[in-house]
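# An overview of the molecular structure
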Amino acid sequence: MAIIKSKAKDFNETLYDIQLQRFPYPDGWRDNFIIVIQSSLPLLLMLSLVYSALVITKNVVHEKERKLKESMKMMGLSNWLHWAAWFIKCFVFLLIPMFICSLMLCLSFSSNGRKMLNHSDGYLIFIFLMLYATSGIMFCFFVSTLFYRANIAAAGAGVLWFLTYIPYFFLYNYWFTMSVKSKILACLDFQVAMSFGSYLIGQFEGQGQGVQWSNINQGVTIDDKFTFGHVLMMQVVDIIFYGLLTWYIEGVFPGEYGIPKKFYFPFSKKYWCNVQDLDEERIALTDCDDLENNRKAGEDDSFEEYPEDRKIGIQIQNLRKTFKTEAGIKQAVDDLSLNLYEGEITALLGHNGAGKTTTISMLTGLFPPTSGNAVVNGYDIIYNMDKIRGSLGICPQHNVLFDTLTVEEHLIFFATLKGMKSKQKIEEEVNRMIESIGLSDKRNAESRNLSGGMKRKLSVGNALIGDSKVVILDEPTSGMDVGARRFTWDLLQRERRGRTILLTTHFMDEADVLGDRIAIMASGKVQCYGSSLFLKKRYGVGYHMVMVKTPTCDPSQVQNLIENYVPTAQLESNIGLELSFILPSEYSNKFEELFTEIESNREGLGIASYGASVTTLEEVFIKVGEEQDTQESRSHTALFRQLSGKDQDSTNGTALPTFDAASIPFYKPTYEKNTGW
């Protein structure tokens, strides 16, 4: 400046904008292609994996949406093993394209020997790309915990994938003013870490030395202490960070299916040590806590006394489940208490919406109970569901099968989940179960090629294999023909020994044949419980005697004859050619004499034919439903009358008009004989 002023007397320095710039150090190459790499490589890497991110997220959530994940966990699949399987699959899936990308960047494909990255170490570039891909996988796992629908999850993953890249555009302009700590903190965003790493690769390439193992802990310039080693370290931190987020969020917010853990579960001894230590506010269920169940069974004549010499397999105490609906709070299961015994099949009946499937969902960990508890095979469902699932076999209402797996592969898979490790024992168990379910000719057929009845058989086999101590079957014979149903009945009768089996069905004959004990639910409550004979005695009217009349029949004469032997007999119907009587069971010792008398005087009485039948389980079910409807109608009537009685006219003290609640039509389920509801 002084020299210019001395030579040019009229020089005015205010007319010029004077700037100083440091002489470049160390030496560098001015390569326009390297400049393009510095600005474009991060964007290209981000775009190259966006489709893979959408597919990974969608597939993980799709498995959760179809209940496949929770169904496998019910069968004993460990949560860490589930995520490990997904990680290995995705890692191998991205390993090949990242390897090809490394080759394209570090190998020469031209005659002049020029490469995209002429100086950088190819192995180091491959490690950098694989760490980016791995952190991307963990990010997709994290995003999958935020969504419960596959398509929405895919859209959300795409948006978040681009949003995590945006901060780099702003940070790039402040590269030389940011501190090392700020850059390291910014790398918690895996896209920023990848972008910073790509920028450093371009900078080192511009210096003519590239990224090497020797300069991995050196800055690009003397003033910049941020190194490529910091980038690699933060990529590893990102992998761990997103993995921990996935683990925590899935535990506290499992979604529609699964039991949420307390927000402090990582610091709980119960979680790490599997200690069964129930909260004092909850009901601790032990062998001596059966008092309330026995009290209810003894005081209510609708409940048969529990046996004292049988081992309890499932013990349910005061179980409740409520759901929020548009109409308000719905009580799906209301104060359910029940004992199920080892070596027995307990049939759970009820119309649609009675609470059967909700009860099963709580016992298997699909839904958390609102209150109450249950002990399954010695472990409670609140804190020890993982241990329960190790001995649990379940056949859901809808088939949970893998389309591309064969019958044999399904059974091998579920046998392995149950803890069977010996290949020989697994093979023997699979062969036995294939023979038991009658699918020997379909051994190597994929499940998508099976008929509906065969799929149900396979689902039952999946539940029974591996010596499951507790087996829950939700309508196992739905979709089967008559022959397949009978076959399945025989299978369950053979496999009941040493197992506690809970069965739901809409077929009354199935419950009558298989059920050692039968529980009928309505409005979320168990209305009655006991053996088939006990329920028929409790709700049955006795025997039905049906006669086919001839034109000369005199119904009064027939009735007088019957009343001579059964004084309390009632005429049930006299329609057309059919004459029906109800015969109380306490006079069953007189039936032989009555039938002999009718047979000897059949022509004189004008009876073409006759027959007698005991009360069916279907009639018991219908009567239980009618009693429940009557009870609900009375409660509504009392409520309406109470409300209308309180509404007095303030001027003359007269009561306002009241409504007869009995005249209001309440919903009453209709039943179709032999086929359900």
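Here the residue numbering is sequential within each chain, running from 1 through the sequence in written order. Two thresholds apply to this predicted model, a pLDDT of at least 70 for residue-level local features and 80 or more for giving and counting side-chain atom pairs, whereas whole-chain, interface and lining totals are computed over all residues. The basis for every side-chain value is the complete set of heavy atoms in the structure, and neither hydrogens nor water enter the calculation.

Let us now look at the overall build of the chain. Within the chain, the regular secondary structure consists of 25 helices and 14 strands. For every residue, the accessible area (1.4 Å probe, protein chains only) is compared with the maximum for its type, and the residue is labelled buried under 20%, exposed over 50%, or partly exposed between those bounds. Buried residues in the chain amount to 46% of all 677 residues. Note on areas: these come from Shrake-Rupley sampling with a 1.4 Å probe, and a residue is covered only by the protein chains present in the view. A total accessible area of about 35,500 Å² is found for the chain, and carbon and sulfur atoms account for 57% of it. The secondary structure listing takes helices from DSSP runs of H or I that are at least 4 residues long and strands from runs of E that are at least 2 residues long, numbered from the N terminus.

Any two rings among Phe, Tyr and Trp, with Trp reduced to its six-membered ring, count as a pair given centres within 6.5 Å; such a pair is stacked if its planes are under 30 degrees apart, edge-to-face if over 60, and tilted if neither. Applying the stated rule across the entire model yields 34 aromatic pairs. Between Y168 and F196, the ring centres sit 6.1 Å apart and the planes meet at 65 degrees, which makes this aromatic pair edge-to-face. With a gap of 28 residues between them, Y168 in helix 8 (residues 167-172) and F196 in helix 10 (residues 190-206) connect regions that are remote in the sequence. Just as Y168 is buried, F196 falls in that class too. An aromatic cluster is present here, built from Y165, Y168, F169, Y172, W175, F196, Y199 and F226 joined pairwise through their rings. Here the guanidinium or amino end of K457 rests over the ring plane of F487, the centre of that ring lying 4.7 Å away. Geometry around Y539 places R538 over its ring, the cationic atom sitting 4.3 Å from the centre. Cation placement over rings: the criterion is NZ of Lys or CZ of Arg within 6 Å of the ring centroid and within 35° of the ring normal.

Quick look at the UniProt feature "transmembrane region" (unreviewed entry) in the chain now. Following the UniProt record, one finds the feature "transmembrane region" (unreviewed entry) at residues 33-56, 77-110, 122-148 and 155-175. As a span, residues 122-148 carries 85% helix and 0% strand, and end to end its C-alpha atoms are 40 Å apart. The straight-line gap between the two end C-alpha atoms of residues 155-175 is 32 Å; of that span, 71% is helix and 0% is strand. UniProt positions are given in the numbering used here, feature names are shortened, and annotations may be inferred rather than shown by experiment.

The next subject is the pairing of strand 9 (residues 517-522). Of all 6 residues in strand 9, 6 are buried; the element is thus mostly enclosed. Any two strands with at least two DSSP-identified bridges between them are counted as paired. When strand 9 meets strand 10 (residues 525-530), the two strands line up antiparallel, connected through 5 bridges. Looking at the pairing, M521 lines up with V526 of strand 10. The turn joining strand 9 and strand 10, which pair antiparallel and follow one another in sequence, is formed by 2 residues; a positive phi near 55 degrees is taken by S523.

Inspection of the secondary structure assignment puts S391 in the loop between helix 15 (385-389) and strand 6 (392-395). Accessibility expressed as a relative area gives 13% for S391, which makes it buried. Dropping the residues within four chain positions of it, S391 is found in contact with N377, S468, K469 and V470. Throughout, a residue-residue contact means that at least one pair of heavy atoms, one from each residue, lies within 4.5 Å.

Right, let's get into the sheet that holds strand 8 (residues 500-504). Strand order in the open sheet formed by 6 strands is 6-7-8-3-9-10, with mixed pairing between adjacent strands. The two strands at the open ends of the sheet, each matched to only one other strand, are strand 6 and strand 10. With direction set aside, neighbouring strand axes in the sheet form an average angle of 15 degrees. With 4 bridges joining them, strand 3 (residues 345-349) and strand 8 adopt parallel strand pairing. What sits directly across from L348, in strand 8, is T504. Packed onto the sheet, helix 18 (residues 452-464) meets strand 6 and strand 7 (470-474) and runs at close to 170 degrees relative to strand 6. Lines fitted to C-alpha atoms define the axes here, with helix axes fitted over just the stretch in contact, and angles between the N-to-C directions of these axes take values from 0 to 180 degrees.

The next subject is the sheet that holds strand 13 (residues 578-583). The sheet built from 4 strands is open, its strands ordered 12-13-11-14 with antiparallel pairing. Strands at the two margins of the open sheet, each flanked by one partner only, are strand 12 (570-575) and strand 14 (607-614). Going from strand to strand, the sheet's axes swing by 15 degrees on average, the running direction of each strand aside. Bridge count between strand 11 (residues 543-549) and strand 13: 6 bridges; the pairing is antiparallel. If you follow M545 over to strand 13, its bridge partner there is F581. Each of strand 11, strand 12, strand 13 and strand 14 touches helix 22 (residues 555-565); the most contacted strand, strand 13, lies at about 20 degrees to it.

Our focus in this paragraph is the pairing of strand 6. Side chains of strand 6 alternate between two faces, with L392 and I394 and G393 and C395 buried alike. Bridge count between strand 6 and strand 7: 4 bridges; the pairing is parallel. Within strand 7, the position partnered with G393 by the bridge is V471.

Right, let's get into helix 10. In a regular helix each residue adds 1.5 Å, so 17 residues correspond to 24 Å; helix 10 covers 24 Å between its end C-alpha atoms and thus fits that length. With a side-chain oxygen positioned 3.0 Å from the backbone nitrogen of Q191, the residue opening helix 10 is D189. One or two steps after helix 10, the chain reaches G208, where phi turns positive at roughly 85 degrees. One less than the residue count of a helix, multiplied by 1.5 Å, gives the span that helix is expected to have. Whenever two N or O atoms come within 3.5 Å, that pair is a polar contact, provided that in protein one can donate a hydrogen and the other can accept it, and provided that, for residues adjacent in sequence, both atoms are side-chain atoms.

Take unusual backbone geometry next. Look at E475: it is not a glycine, yet its phi comes out positive at around 50 degrees. By the element assignment, E475 lies in the loop between strand 7 and helix 19 (482-495). For E475, a relative accessible area of 12% corresponds to the buried category.

Okay, the pattern of salt bridges next. Two side chains bearing opposite charge may form a pair once their charged atoms approach each other closely. A pair is scored as a salt bridge if a Lys or Arg side-chain nitrogen falls within 4 Å of a carboxyl oxygen belonging to Asp or Glu. Per the stated rule, a full pass over the model turns up 18 salt bridges. Two residues, D512 and K536, come together in a salt bridge whose shortest N-O distance is 3.0 Å. Here the residue D512 occupies a position in helix 20 (residues 508-514), and K536 occupies one in helix 21 (residues 532-539), the gap between them amounting to 24 residues. If you follow the salt bridges from partner to partner, you end up with R320, D334, D335 and K525 in one network.

A separate point is the packing of helix 16 (residues 407-417) against helix 18. Helix packing geometry: the angle between the two helix axes and the distance between the axes. The N-to-C vectors of helix 16 and helix 18 enclose an angle of 25 degrees; their axes lie 9 Å apart at closest approach. Classified by the angle between their axes, helix 16 and helix 18 sit roughly parallel to one another. The crossing of helix 16 and helix 18 is right-handed. For the pair helix 16 and helix 18, contact is made by V407, H410, L411 and F414 and by L458, G461 and N462, respectively. Charged means Asp, Glu, Lys or Arg here, nonpolar means Ala, Val, Leu, Ile, Met, Phe, Trp, Tyr, Cys or Pro, and polar covers whatever is left, Gly included. Looking at the contact of helix 16 with helix 18 residue by residue, the classes come out as 4 nonpolar, 3 polar and no charged. Angles below 35 degrees are treated as roughly parallel, those above 145 as roughly antiparallel, those between 65 and 115 as roughly perpendicular, and all remaining angles as oblique. Should the near helix be turned anticlockwise from the far one by less than a right angle, the crossing is left-handed, and should it be turned clockwise, the crossing is right-handed.

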